[in-house]
Amino acid sequence: MPVLTIRDALNQALREEMLRDESVFLLGEDIGLYDGSFKVTRGLYKEFGERRVLDTPIAEEVIVGTAIGAAMAGLRPVAEMMTINFILVAIDQVVNAAAHIHYMFGGGIAVPMVIRAPGGGGHQLGAQHSHSHENWFAHVPGLKVVAPGTPADAKGMLKAAIRDDNPVIFIENEGTYAVKGEVPEGEHLTPLDRNEVKREGHDLTICAHSRMLVVAMDAARELEQEGISAEVVDMRALRPLDMAPALASVRKTGHAITLEEGWRSFGIGSEIASRIYEEAFDDLDAPVARIGSAEVPAPYNKRLEKITFPGKADVIVTARALLGRN
Amino acid sequence: MPVLTIRDALNQALREEMLRDESVFLLGEDIGLYDGSFKVTRGLYKEFGERRVLDTPIAEEVIVGTAIGAAMAGLRPVAEMMTINFILVAIDQVVNAAAHIHYMFGGGIAVPMVIRAPGGGGHQLGAQHSHSHENWFAHVPGLKVVAPGTPADAKGMLKAAIRDDNPVIFIENEGTYAVKGEVPEGEHLTPLDRNEVKREGHDLTICAHSRMLVVAMDAARELEQEGISAEVVDMRALRPLDMAPALASVRKTGHAITLEEGWRSFGIGSEIASRIYEEAFDDLDAPVARIGSAEVPAPYNKRLEKITFPGKADVIVTARALLGRN
Amino acid sequence: MKLDQRETVRRKNLLADRETLLGLYREMLLIRRFEEKTAQMYQMARIGGFCHLNIGEEAAIVGTISSLRPEDYVYSNYREHGHALAKGVDPKAVMAELYGKETGTSKGRGGSMHLFSAEHRFHGGYAIVGEALPIAVGTGYAIRYREKPEVVMSIFGDGATNIGAFHESLNVAKLWKLPIVFVCINNLYGMGTAVNRASAVTEIWKKACAYDMTGERVDGMDVLKVREVAERLVEQARTEHEPSLLECVTYRYKGHSMSDPDTYRQKDEIKEWQGRDAILALGNRLKALKMLTDADIERIDQEVTAQVEEAVTFAEESPEPDPKDLYRNVYVEERR
Amino acid sequence: MKLDQRETVRRKNLLADRETLLGLYREMLLIRRFEEKTAQMYQMARIGGFCHLNIGEEAAIVGTISSLRPEDYVYSNYREHGHALAKGVDPKAVMAELYGKETGTSKGRGGSMHLFSAEHRFHGGYAIVGEALPIAVGTGYAIRYREKPEVVMSIFGDGATNIGAFHESLNVAKLWKLPIVFVCINNLYGMGTAVNRASAVTEIWKKACAYDMTGERVDGMDVLKVREVAERLVEQARTEHEPSLLECVTYRYKGHSMSDPDTYRQKDEIKEWQGRDAILALGNRLKALKMLTDADIERIDQEVTAQVEEAVTFAEESPEPDPKDLYRNVYVEERR
Ligand SMILES: Cc1ncc(C[n+]2csc(CCOP(=O)(O)OP(=O)(O)O)c2C)c(N)n1
Ligand SMILES: Cc1ncc(C[n+]2csc(CCOP(=O)(O)OP(=O)(O)O)c2C)c(N)n1
Ligand SMILES: [Mg+2]
Ligand SMILES: [Mg+2]
């Protein structure tokens, strides 16, 4: 199987879907002539032209709105937010419109669209460019929310998202675009509502998504060397939140860590942990350990930033503590 | 002590603070000449004039931005969102600006402001006018978030919020404006970071805020009659989240319910429950029961709406089940 | 005759075209009677939530929407009962929606602020001010994408022209040459706030200058004038892909919503506008032109009133949504 | 002499006022040298994150900001190193911030995009396009509230004029008569997108028409012209509370940010603008006026370069923030 970066896997997914279905088009800031801020759309403007790769002004409300209105007229728009931080100026369109239209109009119309957006911190971009808020979207009925962490899933889920008839928030991460892995060629579709074990283990369960999946895998490899066998569950499907693999895993290991890049309080981990307690209370040997970022607006300074976002070391320390192996 | 509605308690708080401190001013849509959509600002335009009670266009970004910029120049603005739903078009100002400015500018400036906004559903207002998203705000470092449920707290917390040097999201609820209770006169301040037991009991703990506090109190009274003694903890302080009274209560009762008006997944209850598990794991006799609204965009139809939002009956049924008394 | 020629002829001969004139009259009266009944049913608590009436604005609504073809789209706001009716949505389905019934335009899930009909390309009422403009843009883009001879009409209030989404939308509509007519129903107030207390420029049409876009202002109490200008702008959108901003100056006789005490307007002002009532005016004009008699007027009123009664009966008798269906349509179930 | 008279005289005699002219020259050169050094230090990884330079835009920056008084406010965006310097912020503190040091303007927490100085009323760099405009409005409101003779300058790019916050802000600034000068640094591109691919109206000053506001366009490569117009508009804001929109047409010689490959612009275009370099032009002009010699130019350059070197040394030697302070300043601790 070819080995691709996540960046190229996404590019491939976009291209294949555009070739397959003439109703698919892309829109966003500098995705065309400029080839995309992070080059995910590289080459597509040249290949498909400006009708299907639409450069927009800096006007996120109109980017999301255009996607909604085009979807309501039968197209399948894929909007890019240059980074997910900018979706904050368009969040009404996402939540009050895209997410609710199908329901509030009695099922009379569908809004098949995707919003792609890289989130995450760790690049010294400071308080306004380092947060993701995927928990906000995961809270909203009507949205599907996914956050893959491998090239194969990036491709398979983006293709599936484009074909889905619902608005899908597709969360990428600047820090994973260069991550490499095998990617099936051609028709490779990954369900949007299925989480899965990415690494087997029996001592504890680590639940993570997006870039934190990569961190969890790293940590698990290192834990192995000290005799701790960690199972890693990829929580790529955040809404609908598929808990089955995590629950099965916890029933086996009795210990769980949730790991996310965002702030801990009211985060992704609080929901995952609550569900674990609710559905596997008696299997738990200790409370679930939740790891998230320090609850500060991301600082620019490199050292401070480093201790703000969770990393491999945090997972390892937490794992040891959880298993009483300090 | 005088008995006031929450509406009047809020009005009194605004008026007293405006009299006390000339730097306090109000702004929002139809808060002045119109006396406020829900009449919370009634009479203040007449008394203080348009300089201090500023009617704005329908332009929420500029409402929140004006509050921020005025605060940065030394004033103490109190902005009203006609309903909290409209804050979605201004959420970048709230999160990326108001919440982060103090930190990202190295502490060089403060943003002492309040955003008041009624949230909540149950008035057949449909998908775009019935949600509150307080969990979103409670997730964000730099914001303080409060949601009182009694007239005394409404007054005391609003006064404290106005005097606080940080941006405070002050969540009201259309469904509680008419709720009556005793309100201390004059200088009555309620800390923004202190939750408290509003009703004592020993069989189970109900954690609730805003309108759900009223529902919880009702439910507790009814449970009493069937021999179930419920302790009700008011979670009015959502960020910083004061867990002490809830934890103390759960240590005593061994059973907990979280009750919120918003959607359950990734909601307020998931954080509260997670914290209870983490800090009172061994005291819990059963998993925490989380009650929230049905995960649908609020429907208009009255019957559907009624089963969408949680009510007294849900609390009672859940309490019985939790204690094995069905 | 080619399509566009037919259009031109129709426009030129509007005053000679009895059928069209009577159609406009009937349509306006239907909205008036429908809204009067709505108010009554709201007071009887058959209708809930927020409820915003179109009474007084009938000429602006009918003049603009009647210039569209069935395949053209309308995007509207929460004050849209009349907009839906004018676009051809069945009064029965509209009233049933206000009642929250399963037979309503939105299966009772939307209510007064969220009417919808895919069939009539009435693409919905939205309750967040300005929210529907960017969405209308997207439908405009889809029309160009598919090279269809269709038009989008985006309808909103004066108050909505001060919010960011208005600006973003008009800019790209012009930039991308989208077939959109932006219609501002300027009823002089956004809730309790008069235009001059909310907008630096009180003549809304002038805001088009910032996008190098056609802007026009028309007397929104004269359905024929509205229709004339609207036809021209719709044509311009359809054939030249030139968007425009059309301001219809009008007045709502009632409060902002059913719960508005309406203390911010002078009684005289309301009276004055009622004195220019568009329905009465057109009736008189058609009588003067001998196209209509008092008896006709009486008959049309009876027919329209019967239609409204029928809508109420239908709504009354329609079933409520089944609680079992609460979770239906949160997501689209089938893959295409 | 009364204040406003003094202002008028100063304005009239700008070309005779050697001290001011040399000040403008020095200020522009400081920004140029500072930014060149910034680029170098970024490449050496002393500076991280996103980094946007002002090289090429010095005349627009200095011409506008120099027309302010110390008590006036500036709100800016992420391309603001030069804006902070022009407002009087110490180059040492600016460079230290780029280095992320505790001695930086924002204690190293903000970085390149979030410079700040309360003392200089440089009210910050904001990294969300358009975000600072509504905030500038608030400070304008506070000035009127307190009846202070102060002005706010709100600075943003051409790309920012297409976002909703721009529209909302200009509308209320005019409506409430706020003392704000909105300065658009039109460098012809928003990232890789040329103005005509983003904005229906490519002459940004024209957008003022939608608010019945003064709009002006000036050659942003001529610091004296910029200064002249800016002074007038600042005066108008201060004394008449009339806001305005000033477009300075200029060019960034470098890419959008340090990581921009800059493939979307023609080499010739860049060359052409560099040929109109504002610093060189003012130097030549002052030489022609016999106000400056080549030796002076050399000397000023040395002084400015030394200042920049000193800033770098300061930044290099300054301490990093203490990790123990990570949670400091999330909230304001003391009650007043
Ligand atoms: C973003 C937003 N802010 C506030 C409101 C509350 N609101 C609903 S209608 C309205 C007035 C709108 O006035 P206008 O646009 O003139 O339309 P009209 O009601 O007069 O037809 C307001 C303030 C809202 N729905 N959305
Ligand atoms: C709301 C928002 N959308 C997108 C971005 C990403 N972005 C940062 S700068 C920029 C270009 C801005 O162009 P312009 O306003 O002309 O200013 P310039 O950089 O040319 O000085 C973009 C798209 C952002 N920061 N904020
Ligand atoms: Mg209006
Ligand atoms: Mg630019």
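Residues numbered from 1 in each chain as written. Chains lettered and ligands numbered in written order. Predicted model: local features only at pLDDT ≥ 70, side-chain atom pairs only at ≥ 80, totals over all residues. Heavy atoms only, no water.

Asks: Before we go on, may I ask you to explain the overall build of chain A in this structure?
Replies: For chain A, the helix and strand inventory stands at eleven helices and 14 strands. Its C-alpha radius of gyration of 19 Å places chain A within 12% of the 20 Å reference for a compact globule of 326 residues. For chain A, the spread of C-alpha atoms along the three principal axes comes to 60 × 45 × 40 Å. By the burial criterion, 75% of the 326 residues in chain A qualify as buried. (Helix = DSSP H or I, 4+ residues; strand = E, 2+ residues; numbered from the N terminus. Rg over C-alpha atoms; globule rule 2.2 N^0.38 Å. Buried < 20%, exposed > 50% of the residue type's maximum accessible area, 1.4 Å probe, protein only.)

Asks: Explanation requested: the site of ligand 2 in the structure shown.
Replies: What surrounds ligand 2 is a group of 21 residues, the closest being A:Glu60, D:Tyr78, D:Arg79, D:Ala127 and D:Gly159. Bordering ligand 2 are residues originating from chains A and D. At 2.8 Å, a side-chain N or O of D:Arg79 approaches an oxygen atom of ligand 2. D:Tyr189 places a main-chain nitrogen or oxygen 2.9 Å from an oxygen atom of ligand 2. Within the complex, the protein chains bury 97% of what would otherwise be the 590 Å² of accessible surface of ligand 2. Tallied by class, the residues present in the shell around ligand 2 amount to eleven nonpolar, six polar and four charged. (Near = heavy atom within 4 Å. Polar contact = N/O pair within 3.5 Å; in protein donor to acceptor, adjacent residues only side chain to side chain. Areas by Shrake-Rupley, 256 points an atom, 1.4 Å probe, with all protein chains shown as cover. Nonpolar A, V, L, I, M, F, W, Y, C, P; charged D, E, K, R; others polar.)

Asks: Sorry, what's going on with the interface of chain B and chain D here?
Replies: Accessible area lost upon the coming together of the parts serves often as the stated size of an interface. Between chain B and chain D, the residue contacts involve 51 residues of the former and 43 residues of the latter. Buried surface at the junction of chain B and chain D, summed over both partners, amounts to about 3,700 Å²; 59% is from carbon and sulfur atoms. Counting the surface chain B buries against chain D, the share from its top three residues, B:Tyr103, B:Met104 and B:Phe105, is 19%. Here chain B is connected to chain D by one salt bridge. Where chain B touches chain D, the interface holds 20 residue pairs in polar contact (both at pLDDT 80 or more). Take the side of chain B that touches chain D: its biggest share by element is nine residues, from helix H3 (residues 60–72) of chain B. Here the side of chain B that touches chain D is built from residues that sort into 21 nonpolar, 14 polar and 16 charged. (Contact = heavy atoms within 4.5 Å. Buried area = accessible area lost by both parts, 1.4 Å probe. Salt bridge = Lys/Arg side-chain N within 4 Å of Asp/Glu carboxyl O.)

Asks: Explain the side chain of A:Glu134 to me, please; I cannot follow it from the model alone.
Replies: Residue and element names in this part refer to chain A. Mapped onto the elements of the fold, Glu134 is located in helix H5 (residues 134–138). Put simply, Glu134 is tucked away with no salt bridge, and the nearest opposite charge, on Arg211, sits 9.8 Å away. In this structure, Glu134 is in contact with Ile171, His209, Leu238 and Ile268, ignoring residues within four places of it in sequence. (Lys, Arg positive; Asp, Glu negative; His and termini not counted.)

Asks: Would you explain the state of the cysteines in this entry?
Replies: Two cysteines joined by a covalent bond between their sulfur atoms form a disulfide. Taken as a whole and judged by the stated rule, the model has one disulfide over all chains. One disulfide bridge connects C:Cys209 with D:Cys209, the sulfur atoms lying 2.0 Å from each other. Sign of the S-S torsion, about 110° for the bond between C:Cys209 and D:Cys209, identifies this disulfide as right-handed. With C:Cys209 in the loop between strand S6 (193–194) and strand S7 (214–219) and D:Cys209 in the loop between strand S6 (193–194) and strand S7 (214–219), this residue pair bridges two chains. (Disulfide = S-S within 2.5 Å.)

Asks: Please clarify how the confidence of the model for chain C should be interpreted in this entry.
Replies: Interpretation of the predicted coordinates at a detailed level should be avoided for regions scoring low in pLDDT. Looking at chain C as a whole, the pLDDT averages 95, with 95% of positions reaching at least 70. Confidence over residues 1–10 of chain C falls short of pLDDT 50; this stretch has ten contacts with residues more than four positions distant or in other chains. (pLDDT = per-residue confidence, 0-100.)

Asks: Looking at this structure, I do not really get the relation of the copies chain A and chain B. What am I missing?
Replies: The pair of chain copies shares a relation made of a rotation about an axis and a shift along it. Least-squares fitting of chain A to chain B yields an RMSD of 0.0 Å, with the superposition described by an axial translation of 0.0 Å and a rotation of 180°. Taken together, the rotation and translation relating the two chain copies correspond to the operation of a two-fold axis. Comparing interface residues between copies, 100% of those in chain A also lie at the interface in chain B; the contact surface is shared. (Least-squares fit on C-alpha atoms with pLDDT ≥ 70 in both.)

Asks: Teacher, can you tell me more about the pairing of strand S4 (residues 180–186) of chain C here?
Replies: When a strand is regular, its side chains alternate between the sheet's two faces. Residue and element names in this part refer to chain C. S4 sits mainly inside the fold: seven of its seven residues count as buried. Residues Ile180, Phe182, Cys184 and Asn186 point to one face of S4 and Val181, Val183 and Ile185 to the other, with burial holding for every one of them. Bridging between strand S3 (residues 152–157) and S4 involves six bridges; their strand directions are parallel. Its bridge partner being in S4, Phe156 is matched across the sheet by Cys184. With respect to chirality, the unit in which S3 leads through helix H7 (residues 164–175) into the neighbouring parallel S4 is right-handed. Examined bridge by bridge, S4 and strand S8 (residues 244–249) share six bridges and lie parallel to one another. Opposite Val181, over in S8, you have Ser244 as the bridge partner. (Pairing = 2+ DSSP bridges. Right-handed = clockwise from strand over helix to strand, strands pointing away.)

Asks: How do you make sense of the coordination of the magnesium ion (ligand 3) when you look at a structure like this?
Replies: Around a metal, the perfect tetrahedron of four donors has angles of 109.5 degrees, and the perfect octahedron of six donors has angles of 90 or 180 degrees. Looking at the magnesium ion (ligand 3), the protein donor atoms are C:Asp158 (OD), C:Asn187 (OD1) and C:Tyr189 (O), and they sit 2.0 to 2.1 Å from it. In terms of primary sequence, the donors binding the magnesium ion (ligand 3) are separated according to D-x28-N-x1-Y. (Donors = N, O, S within 2.8 Å, 3.2 Å for Na, K, Ca; no water.)

Asks: Whenever I open this one, the interface of chain A and chain B confuses me. Can you help?
Replies: Opposite the 49 residues of chain A that make contact, chain B presents 49 residues. Summed over both partners, the interface of chain A with chain B comes to about 4,600 Å²; 64% of that surface belongs to carbon and sulfur atoms. For chain A, the biggest contributors to the area lost against chain B are A:Trp136, A:His139 and A:Phe266; these three give 19% of the whole. The interface formed by chain A and chain B holds eight salt bridges in total.

Asks: For this particular structure, what's the right way to read the site of ligand 1?
Replies: Surveying the vicinity of ligand 1 reveals 21 residues, the closest of which are B:Glu60, C:Tyr78, C:Arg79, C:Ala127 and C:Gly159. The residues that come close to ligand 1 belong to more than one chain, namely chains B and C. Contact between ligand 1 and C:Val129: a nitrogen atom at 3.0 Å from a main-chain N or O atom of the residue. At 2.9 Å, a side-chain N or O of C:Asp158 approaches an oxygen atom of ligand 1.

Asks: How should I be thinking about the packing of aromatic side chains in this particular structure?
Replies: Residues and elements named next belong to chain C. For the structure on display, the rule yields 32 aromatic pairs over all chains. Ring centres of Tyr251 and Trp273 lie 5.2 Å apart, and the angle between their planes is 5°; this geometry places the pair in the stacked category. Taken together, the positions of Tyr251 in the loop between S8 and helix H9 (267–274) and Trp273 in helix H9 put the pair 22 residues apart, joining distant regions of the chain. Per residue, the accessibility class of Tyr251 equals that of Trp273, and both read buried. (Phe/Tyr/Trp six-rings, centres within 6.5 Å; stacked < 30°, edge-to-face > 60°.)

Asks: Just to check I follow, could you spell out the pattern of salt bridges for this structure?
Replies: Any two side chains of opposite charge can pair if their charged atoms end up close together. Summed over all chains, the structure comprises 121 salt bridges over all chains. When salt bridges that share partners are traced, they join A:Glu16, A:Glu17, A:Arg20, A:Lys155, A:Lys159, A:Arg163 and A:Glu187 into one network.

Asks: Just to check I follow, could you spell out the sheet that holds strand S14 (residues 289–293) of chain B for this structure?
Replies: Residues and elements named next belong to chain B. With mixed pairing, five strands are arranged side by side in an open sheet as S9-S11-S10-S13-S14. The open sheet terminates on both sides in strands that have one partner only, identified here as strand S9 (196–199) and S14. The mean inter-strand angle of the sheet, taken between neighbouring strand axes irrespective of direction, is 30°. Of the pairings in the sheet, the one linking strand S10 (residues 204–208) to strand S11 (residues 230–234) comprises five bridges and is parallel in character. Counted as the bridge partner of Ile206 is Val232 from S11. (Axes fitted to C-alpha atoms, helices over the stretch in contact; angles between N-to-C directions.)

Asks: Looking at this structure, I do not really get the nonpolar core. What am I missing?
Replies: Proteins that are soluble and globular tend to have nonpolar side chains buried together. If you look at the biggest cluster of nonpolar residues, it comprises 209 residues, and the most contacted ones within it are A:Met72, A:Ile101, B:Met72 and B:Ile101. Once residues within four sequence positions are removed from consideration, A:Ile101 is found in contact with A:Ile68, A:Met72, A:Ile109, A:Val111, C:Tyr126 and C:Ile135. Counting 81 residues, the second largest nonpolar core, distinct from the first, contains D:Leu21, D:Val89, D:Met95 and D:Leu246. (Core = buried A, V, L, I, M, F, W, Y, C linked by side-chain atoms within 4.5 Å.)

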